[in-house]
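Here are the chains, one letter per residue:
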Amino acid sequence: MLQRLTIQAFQLIYLAVSGSWSSANTAELMTIVGIYVHAFFLIFAFAFPIVVLTLEAIGIRRGDEDYIRMAWNGSKLWGITFAAGAVTGTLVEFGLIVVWSGSLALIASMAAAPLMLELYAFIIEIVLIGTYLTTFWRFKRRKWGHLLIGLGVLFGSNLSAYMILAVNAWMQVPWGTGNTVSHLFLPWVPSLGPLVVNPVKLKLLATTLPIVGSSLLSSPGAFQLLSNFTTDPWIAIFNPEVYATYLHNLFAALIITSFLASSYFSYKIIKRVGDERYSWKGLRVTFLVATVASFLQAFAGDFQGRELYLYQRNIFDATEGIPAKGGYDPIMSILLYGNLNHFFPGTNYLSSLLPQGDVLGQLTIASTNTYAPVLHLLYYTMVISGAILIILGIGYFGLYSTTIRKIVQSLLRIREETFVLYGSFAGAFLSILAGITGWATRELGRHPWTVYGVVTYNDVVNSRIITPLFTGAIILLEIGIFLAGLWGIYMIFFKNLKRGGGSH
Amino acid sequence: MVPISNVFWGLSTVAVTFFFHIFLVSVVLGLSVIIPIYEITGYLKGDRYYISIARKLTSYLIRVDLFAGVMATWLTVFLGAYWPSLVYIATNVLLYPVSLAVAGIMIAIVSMALYWYTWDRMGRRAHIVVGLFMAAGALMVPFGMSSIISLMDYPYGVKVTTSLGLTFFTSNGKNPLMNPVFLPLALFAWFATIALTSFIVLYYVNSRAVRETGPAKNYIPVISAIISSVLSLLFLYLALSRLEQYSPYLWSALKSSSVLYILIALSLLVVLLSILSIHWKISKYSSLTGAVFSYFLFMLFEISSNVSRYPYMIVTGNTGITAQTFANPLYGIPVSIPIVGFAIIALMTVTFLFTLYLAFFVYPVEGGHHGNVDV
């Protein structure tokens, strides 16, 4: 497999150097970097409020100012990460409209309602972050009132994330199209919910875009040919795929941010900066949040996997490493069918379902087979990382359980406290790795589709040539923002520590 | 058939969001330029007074910018949802200018956050460099975005082709920044907003001086107000004359409503007020009136020049392409969505203003609570 991966890497470099990349390839590169930079910052807006509010709630409940101070310090991170998250979000949004300008057909149709609701969530979030930070320490009597403002931030950020993920989920599983996708290009796709999208108009869009390209949308008349496109503009919000995706992403973001927070406390303890007792308090809470989220993530991951099996069988085959001719996968078999012997037909079977002349269907199978080794590697990196995170979580309870403490000490020959200290770094690394590989699996697996079974990448890229110079400049800017954001975090949270710190 | 509600709510949402956006963002632009000037002056003169003013202004800038930025996102999504073909044409013809504006947004917000959070935490020179990035980024945004307004006033760089019974509007390869309407519009936006902010800063500096130090060291906003108001008058004149030449429908609409004369009168008044501000005692009054009049000038120009295109969305000489042509015809977007949006924007604006009141009057920011964490 390593050999195949190496060959693929060389093929990609050759394509880039020889100038054979299309606008879609080049644009995709900048989008990948942009999405990951955005994701790094947005997870702090998405899930970190849970950590901050947990600390604040404990502080209020116990009357312990240490926890409230931790919440205050944690909330300072919102300022810099929200700024970087907002700016990279703007970049991603403009990227969608400017570079992938054919996506306007999506924005004007199935994504209109979720995207507009996302705007409202976004403003609630940003205004309440300002109020939360400004009024910190100001509620002398009604401290729960301040926590309530924080819950408003959490509501805004999660509603925002849900709506964005609803759009992404519709791109994975275009819910509300009934049997149209299976009739158009991908016969193995089951019925995708009630038919609320006009099949004639969807077919017109799906078959004309590959011929004319996204410049079709430069004609107002072309849009008018698509009138009466849907009878239910809310359908994307109630896509079963978004329920799984939202939970899976929420827990992923919570695991990453809480492990990063626990790593920060561990770092301070190891470097003997500040009050060790204070840092242990923070470490115990943040590690516990990460542990609970890791346990819940197992269920969310299972939910997501079942959706994949149900709606995107070709991607399931690739991620599970089912051979093209089909094969057995005992773990999946028992999870899905309750026995060990279910035979999973591979992509050869899916290919046999394609009608004559279904070029895009054949392209889908070819793409799945090409990316299968990479997808399998990425997917199992995520799964194995997740499994280790659960083991770390079990080990954490050694702080409270003598039995677990003894097991940890006898297996690893280290003290339980040392396990927790260094386990938080391992947790941070593995959770980030799982997050990166998990999202890559989702997006890479959908190739060549922008909207699975309806519209491809090449159909929606701006009809102007996206040059390597333009792409390079945008990527440099994206990396610059990432580094600037990291620098800001360093200046706030680490520079003072190096100076010798203070006391709380 | 285009649902008529999409035309109405499409125009309403874009109008309201655009109003909120430019109302706030005009001050953001001006402050992004003036604040680094204050810090540089403080550094060169070794005078903490200028640096403390820069810091106070930054605490205001950082709060307003996030709210203004959200409004830009609202505007983009509303445009995409209600006017998809117009947005496609704009992004196709104006790929590079719009990308320049996006790059400006990114540079400005990140450097603004760093500028605020690293105050007194890094070398003064390095901090000034961050401030200059902030100013450059902020200036790039209206520069790039003015190309969209220019395109709607005079569709330079657009190729019209007919095929399959459809009319397509794509790029003809010409540089959209060479649009004759573009440069005066962009430069007017720059200098009008800097003039407006200069008056606001002048008023703030004067009121602070009365409380603390007697006669103010107010020459920075005075000079800035004079230069920028004179230049905004110049570029307003140039912009109007270009509109007369290249966008006659828009010109005649402006002329017939008398707005044209009000704009010129306001511009002259703003220049006069900036010159009067040289005298410290007069400047206490002229700064406030100058701020009000220059705000009125900027908003009136933006609103009237956009409204005057109606019923067209893109003006082509004495006629144009109607708004209805570009409205989303796919389905009627539920009316509840924009109505809820307006309710939320009203509620959040009140909350935002209340937070600003708390931040500046009840718990004024004097530094300390935004720096490094306590360990």
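Residues numbered from 1 in each chain as written. Chains lettered and ligands numbered in written order. Predicted model: local features only at pLDDT ≥ 70, side-chain atom pairs only at ≥ 80, totals over all residues.

Student: Would you explain the overall build of chain A in this entry?
Tutor: The helix and strand tally for chain A stands at 21 helices and six strands. For 504 residues, the compact-globule estimate of 2.2 N^0.38 gives 23 Å, and chain A sits close to it at 24 Å. Projected onto its principal axes, the C-alpha positions of chain A cover 70 × 50 × 45 Å. Counting all 504 residues of chain A, 55% fall into the buried class. (Helix = DSSP H or I, 4+ residues; strand = E, 2+ residues; numbered from the N terminus. Rg over C-alpha atoms; globule rule 2.2 N^0.38 Å. Buried ≥ 20, exposed ≤ 12 C-beta atoms within 10 Å, placed from the backbone.)

Student: Whenever I open this one, the overall build of chain B confuses me. Can you help?
Tutor: Along the backbone of chain B there are twelve helices and four strands. Principal-axis analysis of the C-alpha atoms gives chain B an extent of 70 × 50 × 35 Å. For chain B, with 375 residues in total, the buried portion stands at 55%. Long-range pairs, those at least 24 residues apart, make up 78% of the contacts in chain B between residues at least 6 apart in sequence. (Contact = placed C-beta atoms within 7 Å.)

Student: How should I be thinking about the interface of chain A and chain B in this particular structure?
Tutor: Often, the extent of an interface is quoted as the loss of accessible area upon association of its parts. Contacts between the two partners involve 72 residues from chain A and, on the opposite side, 63 residues from chain B. Counting only elements with at least two residues in the side of chain A that touches chain B, the list comes to α4 (65-99), α5 (104-107), α6 (112-134), α10 (220-225), α20 (468-493) and α21 (495-498) of chain A. The biggest single contributor to the side of chain A that touches chain B is α4 of chain A, with 15 residues. Among the residues forming the side of chain A that touches chain B, the class breakdown is 39 nonpolar, 26 polar and seven charged. (Nonpolar A, V, L, I, M, F, W, Y, C, P; charged D, E, K, R; others polar.)

Student: For this particular structure, what's the right way to read the packing of helix α1 (residues 4-45) of chain B against helix α2 (residues 48-82) of chain B?
Tutor: Two numbers describe a pair of packed helices, the interaxial angle and the distance between the axes. Residues and elements named next belong to chain B. Contact geometry of α1 with α2 gives a least axis separation of 7 Å together with a crossing angle of 155°. Judged by the angle between their axes, α1 and α2 are roughly antiparallel. By crossing handedness, the relation of α1 to α2 is classed as left-handed. When its residues are assigned to classes, the contact of α1 with α2 shows 27 nonpolar, nine polar and four charged. (Axes fitted to C-alpha atoms, helices over the stretch in contact; angles between N-to-C directions. Parallel < 35°, antiparallel > 145°, perpendicular 65-115°, else oblique. Left-handed = near helix turned anticlockwise from the far one by under 90°.)

Student: Sorry if this is basic, but what is going on with the pairing of strand β2 (residues 166-171) of chain B here?
Tutor: Residue and element names in this part refer to chain B. Relative to β2, strand β1 (residues 158-163) runs antiparallel, the two sharing six bridges. Bridge assignment links Thr 161 to a residue of β2, and that residue is Phe 168. Hairpin connection between β1 and β2: a loop of two residues separates the two successive antiparallel strands, and Leu 164 in this loop has a positive phi of roughly 55°. (Pairing = 2+ DSSP bridges.)

Student: Sorry, what's going on with the nonpolar core here?
Tutor: Nonpolar side chains tend to gather and get buried jointly when the protein is soluble and globular. Formed by 292 residues in total, the largest nonpolar core has its most connected members in Val 87 and Ile 123 of chain A together with Ala 81, Met 106, Ile 109 and Val 110 of chain B. The element contributing the most residues to this core is α2 of chain B, with 20 residues. Not counting the four nearest positions on each side in its chain, Ala 81 of chain B is found in contact with Ile 107, Ala 108, Ala 112, Leu 115 and Met 116 of chain A together with Asn 328 and Ile 333 of chain B. (Core = buried A, V, L, I, M, F, W, Y, C linked by C-beta atoms within 7 Å.)

Student: What exactly am I supposed to notice about the packing of α2 of chain B against helix α4 (residues 95-117) of chain B here?
Tutor: All names here are of chain B. One can describe the packing of α2 onto α4 by two numbers: an axis separation of 10 Å at closest approach and a directional angle of 150°. The angle between α2 and α4 falls in the class roughly antiparallel. At the point where α2 passes α4, the crossing takes the left-handed sense. On the side of α2, the interface is formed by Thr 58, Leu 61, Ile 62, Asp 65 and Gly 69, while α4 contributes Ile 109, Met 112, Tyr 115 and Trp 116. Of the residues belonging to the contact of α2 with α4, the class tally is six nonpolar, two polar and one charged.

Student: Sorry, what's going on with unusual backbone geometry here?
Tutor: That bond from His 447 of chain A to Pro 448 of chain A is cis: its omega, 0°, falls within 30 degrees of zero. In this structure, Pro 448 of chain A sits in the loop between α18 (416-445) and β5 (449-451). Along the chain, Tyr 310 of chain B connects to Pro 311 of chain B via a cis peptide bond; the corresponding omega equals 10°. In this model, Asp 120 of chain B sits at a positive phi of 65°, which is unusual for a non-glycine residue. Relative to the elements of secondary structure, Asp 120 of chain B occurs in the loop between α4 and α5 (124-153). Classification of Asp 120 of chain B as exposed rests on a count of 11 C-beta atoms within 10 Å. Located in the positive-phi region is Ser 258 of chain B, a residue other than glycine, with phi close to 70°.

Student: In this structure, what is going on with the environment of Leu 363 of chain A? I would like to understand it.
Tutor: Residues and elements named next belong to chain A. Counting through the fold element by element, Leu 363 comes out in helix α16 (residues 359-396). Residue class for Leu 363 comes out partly exposed when judged on the 15 C-beta atoms lying within 10 Å of it. Distance in space between the C-alpha atoms of Leu 363 and His 146 is 55 Å, their sequence separation being 217 residues.

Student: Help me understand the environment of Asn 458 of chain A, please; the structure alone is not making it clear to me.
Tutor: Residues and elements named next belong to chain A. Note on placement: Asn 458 falls in helix α19 (residues 457-460). As for Asn 458 and Ala 24, which are separated by 434 residues in sequence, their C-alpha atoms are 5.6 Å apart. Leave out the neighbours within four places in its chain, and Asn 458 touches Ser 22 and Ala 24.

Student: Help me understand α4 of chain A, please; the structure alone is not making it clear to me.
Tutor: Because each turn of an α-helix spans 3.6 residues, side chains separated by three or four positions in sequence point in the same direction. Residues and elements named next belong to chain A. The end-to-end C-alpha distance of α4, which contains 35 residues, comes to 49 Å, matching closely the 51 Å that a straight helix rising 1.5 Å per residue would cover. Helix geometry: α4 is bent most strongly at Thr 81, by close to 30°. Where burial is concerned, most of α4 is hidden: 32 out of the 35 residues are buried. (Expected span 1.5 Å × (residues − 1). Bend = angle between axes of the 7 residues up to and from the residue.)

Student: Looking at this model, I keep getting lost on the confidence of the model for chain B. Mind explaining?
Tutor: Low pLDDT means the predicted coordinates in that region are not meant to be read closely. All names here are of chain B. Of all residues in chain B, 94% attain a pLDDT of 70 or more, and the chain-wide mean is 90. Every residue in residues 367-372 scores below 50 in pLDDT, and together they form eight contacts with partners more than four places removed in sequence or on other chains. Listed scores for the predicted complex are pTM 0.89 and ipTM 0.85. (pLDDT = per-residue confidence, 0-100.)

Student: Hey, could you run me through the environment of Ser 229 of chain B in this one?
Tutor: Among the structural elements, Ser 229 of chain B can be located in helix α7 (residues 219-246). Sequence separation between Ser 229 of chain B and Phe 191 of chain B is 38 residues, and the spatial gap between their C-alpha atoms is 6.7 Å.

Student: Looking at this structure, I do not really get α1 of chain B. What am I missing?
Tutor: For α1 of chain B, spanning 42 residues, the distance from its first C-alpha to its last is 61 Å, which sits close to the expected 62 Å at 1.5 Å a residue. Along α1 of chain B, the sharpest change in direction is near 25° and occurs at Val 25 of chain B.

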